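Here is how the chains run, residue by residue.
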Amino acid sequence: MSNKRGRLIIVSGPTASGKSTLWRRLVQREGVDFSVSATTRAARQGEMDGRDYHFVSAEQFQSWIDAGAFLEWAEVHGQRYGTLREHVLQSIDRGHDIVLEIDVQGARQLHKCGLPLVSLFVMPPSREILEQRLRGRGTESEEQIQQRLSIVAEEMSYAADYQYQVLNDNFERMEAEVEQILGYRKEVL
Ligand code: 5GP
C-alpha cells in the first residue's frame, strides 16, 4: 500500500476516436481503477448495473445532487451523468489512479476541483480517415455520416481545454505516449 495520493485521469474525445479502447486498457493495470458514473439513462443491451454505470431514477439522481454526492455532473443528450465523489476519493486516498470517461462539461468542472489530475483528449487522426472509417462500416446513411462528422468538428473544438491532446494515428503508439504522460512507462519514446 502506497502513501502517495493517486490522481484522477480524465479521458474524453469524439466517438470513434479510440478513447474507449484506451481507457479499457488503462484500467487493466494494477492500481488503476475505473470511476463508475451514475446515469439516468436506461441500460443498453449488454450493460451491467454497477459495472458500466449505476443506473438510477431521475429522483435518485436529484437527491444525490442535493446531498452533494457528485464531484461533477452534467446533462448529455437529455440524460444526467455524474461522478460519485466518495468512489473517487476512496481510490486516490489509497494511492490508486482512477480513470473517468466523462464529457467536456464534466472535465471543465473537475479542472477547478483542486484534486490531482491528468486530463487527456483523444484526437481521431483526421477528418478524412474518420470519414473513411464511417463509410467503411457501411452502417450509416450519407446523412448520418454528415451528421456525425459535424458533431465531431464541434467536439474537437474542446480539445484545448485538456492538459494533453493525444493523436490516435496508431493505437499502440498513442497508448505508449499516454503511458509515458502518466509515468507508467519510464523509457523515452
Ligand atoms: P453514453 O450514454 O454513450 O454512455 O455516454 C454519453 C456521454 O456521457 C459520453 O460523452 C460520456 O463521456 C459522458 N459521461 C459518462 N459518464 C459521465 C459522467 O459521470 N460525467 C459526465 N460529465 N459525463 C459523463
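Residues numbered from 1 in each chain as written. Predicted model: local features only at pLDDT ≥ 70, side-chain atom pairs only at ≥ 80, totals over all residues. Heavy atoms only, no water.

Examining the overall build of the chain
Part 1 of the reasoning: Looking only at helices and strands, one finds seven helices and nine strands in the chain.
Part 2 of the reasoning: Against the 2.2 N^0.38 benchmark of 16 Å for 189 residues, the chain shows a C-alpha radius of gyration of 17 Å, consistent with a compact globule.
Part 3 of the reasoning: Structurally, the chain occupies a C-alpha span of about 50 × 50 × 30 Å along its principal axes.
Part 4 of the reasoning: Evaluated residue by residue, the chain yields a buried proportion of 40% over its 189 residues.
Part 5 of the reasoning: In the chain, once contacts between residues fewer than 6 apart in sequence are set aside, the share between residues at least 24 apart is 63%.
Part 6 of the reasoning: Of the roughly 10,600 Å² that the chain leaves accessible, carbon and sulfur atoms contribute 48%.
Part 7 of the reasoning: Here the chain contributes 23 positive and 28 negative side-chain charges, whose respective centroids are spaced 3 Å apart. (Helix = DSSP H or I, 4+ residues; strand = E, 2+ residues; numbered from the N terminus. Rg over C-alpha atoms; globule rule 2.2 N^0.38 Å. Buried < 20%, exposed > 50% of the residue type's maximum accessible area, 1.4 Å probe, protein only. Contact = heavy atoms within 4.5 Å. Areas by Shrake-Rupley, 256 points an atom, 1.4 Å probe, with all protein chains shown as cover. Lys, Arg positive; Asp, Glu negative; His and termini not counted. Charge placed at Lys NZ, Arg CZ, Asp CG, Glu CD.)

Some thoughts on helix H4 (residues 104-111)
Part 1 of the reasoning: Within the sequence span of H4, burial applies to Val-104, Gly-106, Ala-107 and Leu-110. An end-on view of H4 places all buried positions within 155° of arc, on one side of the element.
Part 2 of the reasoning: On the buried face of H4, the contacting elements are strand S1 (8-12), strand S5 (70-76), strand S7 (97-101) and strand S8 (117-123). (Arc of directions from axis to C-beta.)

Thoughts on the pairing of S7
Part 1 of the reasoning: Among the five residues that make up S7, four are buried, leaving the element largely enclosed by the rest of the structure.
Part 2 of the reasoning: Judged from the four bridges that link them, S1 and S7 form a sheet pairing that is parallel. Counted as the bridge partner of Val-11 is Glu-101 from S7.
Part 3 of the reasoning: Taken together, the three bridges between strand S2 (residues 32-34) and S7 define a ladder with parallel strand orientation. Bridge pairing in S7 links Val-32 to Asp-97. (Pairing = 2+ DSSP bridges.)

Quick look at the pattern of salt bridges
Two side chains that carry opposite charge are able to pair once their charged atoms sit near each other.
Part 1 of the reasoning: Scanning all chains against the criterion turns up 15 salt bridges.
Part 2 of the reasoning: A salt bridge links Arg-185 to Glu-179; the shortest N-O distance between them is 3.1 Å. (Salt bridge = Lys/Arg side-chain N within 4 Å of Asp/Glu carboxyl O.)

Some words on the side chain of Glu-72
Part 1 of the reasoning: Its location among the elements puts Glu-72 in strand S5.
Part 2 of the reasoning: For Glu-72, which is buried and forms no salt bridge, the nearest opposite charge comes from Arg-85, at a distance of 10 Å.
Part 3 of the reasoning: A polar contact of 2.5 Å, which involves the side chain of Glu-72, links it to the side chain of Thr-83.
Part 4 of the reasoning: If near-sequence neighbours (up to four positions away) are discounted, Glu-72 is found in contact with Gly-82, Thr-83, Ile-102, Gly-106, Gln-109 and Leu-110. (Polar contact = N/O pair within 3.5 Å; in protein donor to acceptor, adjacent residues only side chain to side chain.)

Examining the environment of Gln-105
Part 1 of the reasoning: Positionally, Gln-105 belongs in helix H4.
Part 2 of the reasoning: Put simply, Gln-105 and Thr-139 are 34 residues apart on the chain and 29 Å apart in space, counted from C-alpha to C-alpha.
Part 3 of the reasoning: Once residues within four sequence positions are removed from consideration, Gln-105 is found in contact with Ala-74, Glu-75 and Val-76.
Part 4 of the reasoning: A polar contact of 2.9 Å, which involves the side chain of Gln-105, links it to the side chain of Asp-103.

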